[in-house]
Amino acid sequence: MNLKNPSHDATSSPYLARNLWSGFLLGLGLVAFIDEAVFHQLLHWHHFYDKSTTSIGLVSDGLFHAFSWFATVGSLFMLADLRRRNALRLTRWRGGVLLGAGIFQLYDGIIQHKLMRLHQIRYNVNLLPYDLTWNIIAIGMMIAGAILIIRARNDLQPPRETHSHEHQ
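Thresholds applied
- Residues numbered from 1 in each chain as written.
- Predicted model: local features only at pLDDT ≥ 70, side-chain atom pairs only at ≥ 80, totals over all residues.
- Heavy atoms only, no water.
- Axes fitted to C-alpha atoms, helices over the stretch in contact; angles between N-to-C directions.
- Helix = DSSP H or I, 4+ residues; strand = E, 2+ residues; numbered from the N terminus.
- Parallel < 35°, antiparallel > 145°, perpendicular 65-115°, else oblique.
- Left-handed = near helix turned anticlockwise from the far one by under 90°.
- Nonpolar A, V, L, I, M, F, W, Y, C, P; charged D, E, K, R; others polar.
- pLDDT = per-residue confidence, 0-100.
- Contact = heavy atoms within 4.5 Å.
- Phe/Tyr/Trp six-rings, centres within 6.5 Å; stacked < 30°, edge-to-face > 60°.
- Expected span 1.5 Å × (residues − 1).
- Buried < 20%, exposed > 50% of the residue type's maximum accessible area, 1.4 Å probe, protein only.
- Core = buried A, V, L, I, M, F, W, Y, C linked by side-chain atoms within 4.5 Å.
- Salt bridge = Lys/Arg side-chain N within 4 Å of Asp/Glu carboxyl O.

Asker: Run through the packing of helix α1 (residues 13-42) against helix α3 (residues 90-115), naming residues and quoting values.
Answerer: Packing of α1 against α3 leaves a shortest axis separation of 6 Å and a crossing angle of 45°. Between α1 and α3, the angle is such that the two are oblique. Here α1 and α3 pass one another in a crossing that is right-handed. Tallied by class, residues from the contact of α1 with α3 come to 14 nonpolar, seven polar and three charged.

Asker: Talk me through the confidence of the model for the protein chain; I want residue IDs and the actual numbers.
Answerer: A residue-level look at the protein chain finds 86% of positions with pLDDT of 70 or above and a mean pLDDT of 88. Within the model, pLDDT remains below 50 along residues 1-8, and this stretch shows six contacts once partners closer than five positions in the same chain are excluded. Per-residue pLDDT stays below 50 along residues 164-168; that stretch engages in zero contacts with residues further than four places along the chain or on separate chains.

Asker: Explain the side chain of N135 residue by residue, including any values.
Answerer: Structurally, N135 can be placed in helix α4 (residues 128-156). Sequence-distant contacts of N135, defined by excluding residues within four places in its chain, comprise Q105, L106, G109 and I110.

Asker: If you had to explain the packing of aromatic side chains to someone new, which residues and values would you point to?
Answerer: As enumerated under the stated definition, the model contains eight aromatic pairs in all. With a centroid separation of 5.4 Å and an interplanar angle of 70°, the aromatic rings of W21 and F24 are classed as edge-to-face. One end of the pair is W21 and the other is F24, both in helix α1 and three residues apart, which spans about a single turn. In textbook terms, an aromatic cluster arises when at least three aromatic residues are bridged by ring pairs, as seen for F39, W45, Y130 and W134.

Asker: Quick rundown of α4? Include the residues and the values.
Answerer: For α4, which comprises 29 residues, the first-to-last C-alpha distance of 42 Å matches the rise-based estimate of 42 Å (1.5 Å per residue) to within 8%. Of all the positions in α4, only D131, W134, N135, A138, M141, G145, I149 and A152 are classed as buried. Looking at the buried side of α4, the elements it contacts are α1 and α3.

Asker: I'd like to hear about the nonpolar core, residue by residue, with values.
Answerer: By size, the foremost hydrophobic cluster in this structure holds 11 residues: F24, L28, V31, A32, F48, F64, A71, A101, F104, L118 and M141. Those elements that provide at least two residues to this core are α1, α2 (54-84) and α3. Looking at this core, the element that brings in the most residues is α1, giving four residues. Filtering out sequence-adjacent residues up to four positions away, F64 remains in contact with A32, D35, E36, H40, F48 and F104.

Asker: Outline α2, supporting the account with residue identities and numerical values.
Answerer: Turn by turn, an α-helix covers 3.6 residues, leaving residues three or four places apart pointing in a common direction. Helix length check: α2 (31 residues) gives 45 Å between terminal C-alpha atoms against 45 Å at 1.5 Å per residue, within 8%. For α2, every residue scored as buried is listed here: G57, S60, D61, F64, S68, A71, T72, S75, L79, D81 and L82. Residues of α2 that are buried in the fold lie against α1 and α3. The positive-phi residue at the C-terminal boundary of α2 is N86, with phi of around 55°.

Asker: I'd like to hear about the environment of L76, residue by residue, with values.
Answerer: Position of L76 among the secondary structure elements: in helix α2. According to the relative accessible area criterion, L76 is partly exposed, its value standing at 40%. Between the alpha carbons of L76 and S22 there is a distance of 7.1 Å; along the sequence they are 54 residues apart.

Asker: Would you mind going over the pattern of salt bridges in detail, with residue names and values included?
Answerer: Any two side chains of opposite charge can pair, given that their charged atoms come close. Taken as a whole, this structure holds four salt bridges when the rule is applied. A salt bridge links R85 to D81; the nearest nitrogen and oxygen atoms lie 3.0 Å apart. For R85, a relative accessible area of 38% puts it in the partly exposed group. Judged by relative accessible area, D81 falls into the buried class, the value being 16%. One salt-bridge network, in which partners are shared between bridges, spans R18, D81, R84 and R85.

The following block contains the structure:
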């Protein structure tokens, strides 16, 4: 606890929120980076925006890649600040990573793939197995992240007093 200003100790809400947001941004940036590197560049399955020319698709990939790096770098600055202040709550942060990764992947799979139709995971194949795998993994990451965040919140709760009643 910070004796000079107890409202800003490591368990106060600004630091707890920063743990969550730092993890969330890293998860989002990491999944976006993996998507870009694996599915866009290595496998050539799609571009971020596939409704135009290949050149426009490549530009959209570049913008998407820049977005993922800004999220990742921003999250790492936040993480370094939390460590410097001895305010890192690793379980909460890891929960944020999984939650951010899962939310981004589910957003990509539902909003970008299906509603906006910016691109599909692959083309000229049965998409159902790809879509199910993509979205089930996303939901799994979100659930795992939520569990970690709840566990971290419970770790911060003061222990409940137990009253033992001795029988006389």
